[in-house]
Structures are given as C-alpha cells and as structure tokens.
Amino acid sequence: MLYKLLGDRYSVVMDNRRGNAALEFALILPVFIALVFGGIDCSWLLLQKMSLQDSVSAGCKAGSMRMMDIYTDPYAEAEGHITRALEASPLLACGDGCVVSAVDSILTTPSLPWIDCRVTLPYRPLTGIVPGLPEELSYISSWPIDLPEIEEIGT
C-alpha cells in the first residue's frame with residue numbers, strides 16, 4: 001500500500017541508501033588502513049627493541065663472565081658476543097650505522113669492576129605510516145665483571 005502511494009519515489013529512496021553505504025565505506029577505509037598499518041609499525045618497533053635488548057644483555061653478560069684469567073679482555077669479549085648476537089638475529093640489521101661499544105661503567109669500585117655495553121643502530125620502519133618513530137635504536141646494559149680467583153703462593 002505504501003509503495004502504491006509513493007510510486008516512483010520508492011526507487012529513488014533505495015538508490016540513495018546504496019550510495020550512502022558506498023560513501024561511508026570510502027570514508028572509513030583510509031582510517032582503518034592507517035590504524036592497521038600503524039599497529040604493524042608499532043609492533044615492529046617493539047619487537048626490534050626487545051630483540052636488541054636481549055642481544056645486548058646476553059652479549060654483555062657473556063663478556064663479563066669470560067674473564068677466566070688475567071689475559072682475557074672482558075670488553076673485547078663483550079663486543080664480540082654482542083656483534084655475533086646481532087648478526088644471528090634475523091630482525092636486527094647491524095649495517096653501516098651500527099655502533100657496538102663496551103667500556104668501564106660508572107658503577108665500578110676498586111673491589112668490583114663493572115662493564116657498560118652500548119649498541120646504537122638505525123631503525124627502519126616497515127610501512128612508515130606512523131610519524132614520530134625514532135631514527136635509531138639504542139640500548140645500554142651493565143654487568144659486574146667476574147674476577148678470577150688469585151691463589152696466594154707461599155702462605
């Protein structure tokens with residue numbers, strides 16, 4: 001009965017509803033894509049940060065524990081372990097801008113030396129949609145150096 005009263009106006013109203021759905025879809029799609037790819041970029045950043053933290057901490061700890069005798073340089077050992085850990089990681093590309101260093105820590109005391117291990121490497125986002133992401137990632141880890149036991153002779 002209503003169709004008979006409206007006549008041709010009914011088909012015009014239905015066509016406008018179909019156009020509204022297409023317009024809403026066109027307005028929402030870019031926002032949805034930006035949210036999805038922004039989430040991917042942020043997740044990639046967090047994954048690389050955690051991988052860098054794990055590599056630096058493990059390498060610094062291994063280097064600080066390698067001082068089995070007085071001829072072993074814990075700083076060179078730590079740098080070597082960190083470099084090998086970074087090369088083994090499929091997520092971190094330690095290329096031209098990568099800096100690995102191991103130095104004395106400010107925590108060092110006469111009875112207990114500490115080592116500071118620092119890595120700085122460039123960050124490359126996957127999509128680049130999110131503004132304000134860092135240009136480089138860096139992490140510092142500190143560990144006490146295990147000193148070898150020195151046996152006293154002639155006591």
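Residues numbered from 1 in each chain as written. Predicted model: local features only at pLDDT ≥ 70, side-chain atom pairs only at ≥ 80, totals over all residues. Heavy atoms only, no water.

**Q** Which parts of the structure should I look at to understand the state of the cysteines?
**A** What is meant by a disulfide is a covalent connection between two cysteines, made through their sulfur atoms. One pass over the structure, following the stated rule, counts 1 disulfide. Here Cys60 is linked by a disulfide to Cys117, with a sulfur-sulfur distance of 2.3 Å. Handedness here is read from the sign of the S-S torsion; for Cys60 and Cys117, about 75°, the answer is right-handed. Pair noted here: Cys60 is in helix H2 (residues 9–64) and Cys117 is in strand S2 (residues 114–122), with a separation of 57 residues, a long-range link. Accessibility assignment for this pair places Cys60 and Cys117 in one class, buried. (Disulfide = S-S within 2.5 Å. Helix = DSSP H or I, 4+ residues; strand = E, 2+ residues; numbered from the N terminus. Buried < 20%, exposed > 50% of the residue type's maximum accessible area, 1.4 Å probe, protein only.)

**Q** I keep staring at the sheet that holds S2 and nothing clicks. Help me out?
**A** Each strand in a sheet pairs with its neighbour through backbone hydrogen bonds, running either in the same direction (parallel) or in the opposite one (antiparallel). Reading across from one edge, S1-S2-S3 is the order of the 3 strands in this open sheet, with antiparallel pairing throughout. The two strands at the open ends of the sheet, each matched to only one other strand, are strand S1 (99–104) and strand S3 (136–144). Going from strand to strand, the sheet's axes swing by 15° on average, the running direction of each strand aside. Where S2 lies against S3, 9 bridges are found, and the strand directions are antiparallel. Opposite Trp114, over in S3, you have Pro144 as the bridge partner. (Pairing = 2+ DSSP bridges. Axes fitted to C-alpha atoms, helices over the stretch in contact; angles between N-to-C directions.)

**Q** Got a minute to help me understand the nonpolar core in this structure?
**A** Generally speaking, soluble globular proteins have nonpolar side chains that are buried together. Leu52, Leu86, Ile115, Cys117 and Val119 are the most contacted members of the largest nonpolar core, which totals 17 residues. For this core, the elements supplying multiple residues, two or more each, are H2, helix H3 (74–88) and S2. (Core = buried A, V, L, I, M, F, W, Y, C linked by side-chain atoms within 4.5 Å.)

**Q** Hey, could you run me through the pairing of S2 in this one?
**A** Working note: regular strand, side chains alternate between the two faces of the sheet. Sheet topology places S1 next to S2; 6 bridges connect them, and they run antiparallel. Looking at the pairing, Ser101 lines up with Arg118 of S2.

**Q** Hey, could you run me through H3 in this one?
**A** It helps to recall that an α-helix has 3.6 residues per turn; residues three or four apart then point in one direction. Counted at 1.5 Å a residue, the expected span for H3 with its 15 residues is 21 Å, and the 21 Å between its end C-alpha atoms agrees. Listed in full, the buried residues belonging to H3 are Pro74, Ala78, Gly80, Ile82 and Leu86. (Expected span 1.5 Å × (residues − 1).)

**Q** Can you walk me through the side chain of Asp41 in this structure?
**A** Inspection of the secondary structure puts Asp41 in helix H2. Nearest to the buried, unbridged Asp41 among oppositely charged side chains is Arg124, at 13 Å. At 2.7 Å, the side chain of Asp41 forms a polar contact with the side chain of Thr127. Those residues in contact with Asp41 that sit more than four places away from it in its chain are Tyr123, Pro125, Leu126, Thr127, Gly128, Ile129, Val130 and Leu133. (Lys, Arg positive; Asp, Glu negative; His and termini not counted. Salt bridge = Lys/Arg side-chain N within 4 Å of Asp/Glu carboxyl O. Polar contact = N/O pair within 3.5 Å; in protein donor to acceptor, adjacent residues only side chain to side chain. Contact = heavy atoms within 4.5 Å.)

**Q** Honestly, the environment of Asp41 in this entry has me stumped. Any pointers?
**A** On the basis of relative accessibility, which here comes to 0%, the residue Asp41 falls in the buried class. For the pair Asp41 and Val130, spaced 89 residues apart in the sequence, the C-alpha separation amounts to 7.0 Å. Of note is the side chain of Asp41, whose polar atom sits 3.4 Å from the backbone nitrogen of Ile129.

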